[in-house]
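Working through the structure, step by step
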Amino acid sequence: MGRCKYCGKWAVLSRRKHKECKANFWMAYKEIMYVTQQSVLERIAPLMVEKKVMEIASDGRIPMELMKHAIAKGFVGALSLLLKDHVLSGEEEEALIGFMDFFVLTEKDADAQCRGFWGFS
Ligand SMILES: [Zn+2]
């Protein structure tokens, strides 16, 4: 018996997590990734993206640092899609840099910033 690592409440039957909490968490995490990726591709203003992902994160009880991690992954996904079919225009590059600046993303964010968390699961 221990506290669920997702919701912080006691988990009696399972060890340190509720199945539903884990499912909710991953659904929200993937949604943040997806929303970010689409938003970057559609060049939606970072402020709007932030509002949306904050909502998803709060529904899925996603901590801030993992929310950022999901955003970084979505960003990298969008970037690789953009680079696949053509060379970036100056305008696109500017938008991408603006997005990174807004969310204070670095390349490191896209890696295993939260490795400890994943290892725990
Ligand atoms: Zn729970």
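To be clear, the structure that these remarks concern was listed above.
Here is a short report on the structure shown in this document. (Residues numbered from 1 in each chain as written. Predicted model: local features only at pLDDT ≥ 70, side-chain atom pairs only at ≥ 80, totals over all residues.)

Let us now look at the overall build of the protein chain. When helices and strands are tallied, the protein chain shows six helices and two strands. From first element to last, N terminus to C terminus, the protein chain shows the α and β order β-β-α-α-α-α-α-α. The buried share of the protein chain, taken over its 121 residues, is 24%. In the protein chain, the proportion of contacts linking residues at least 24 apart, taken out of those at least 6 apart, comes to 62%. (Helix = DSSP H or I, 4+ residues; strand = E, 2+ residues; numbered from the N terminus. Buried ≥ 20, exposed ≤ 12 C-beta atoms within 10 Å, placed from the backbone. Contact = placed C-beta atoms within 7 Å.)

Right, let's get into the nonpolar core. The biggest cluster of nonpolar side chains holds 19 residues, and the ones touching the most others in it are Ile-32, Met-67 and Ile-71. Of all the secondary-structure elements, those providing two or more residues to this core are α1 (19-41), α2 (46-59) and α3 (64-85). If you tally residues by element for this core, the top one is α3, at seven residues. In contact with Ile-71, not counting residues within four places along its chain, are Ile-32, Thr-36, Val-53, Phe-103 and Leu-105. (Core = buried A, V, L, I, M, F, W, Y, C linked by C-beta atoms within 7 Å.)

Our focus in this paragraph is the packing of α1 against α3. Packing of α1 against α3 brings their axes to within 7 Å, and their N-to-C directions diverge by 40 degrees. The pairing of α1 with α3 is recorded here as oblique in orientation. In this structure, α1 crosses over α3, and the sense of that crossing is right-handed. Packed against α1, whose contacting residues are Tyr-29, Ile-32, Met-33, Tyr-34, Val-35, Thr-36, Gln-37, Val-40 and Leu-41, the element α3 presents Leu-66, Met-67, Ala-70, Ile-71, Lys-73, Gly-74, Phe-75, Gly-77, Ala-78 and Leu-81 at the interface. Looking at side-chain class alone, the contact of α1 with α3 contains 14 nonpolar, four polar and one charged residues. (Axes fitted to C-alpha atoms, helices over the stretch in contact; angles between N-to-C directions. Parallel < 35°, antiparallel > 145°, perpendicular 65-115°, else oblique. Left-handed = near helix turned anticlockwise from the far one by under 90°. Nonpolar A, V, L, I, M, F, W, Y, C, P; charged D, E, K, R; others polar.)

Right, let's get into unusual backbone geometry. In this structure, Arg-43 is a non-glycine residue whose phi angle is positive, near 50 degrees. Counting through the fold element by element, Arg-43 comes out in the loop between α1 and α2. Positioned with a positive phi, Arg-61 is a non-glycine residue whose angle comes to about 55 degrees. Within the secondary structure, Arg-61 sits in the loop between α2 and α3.

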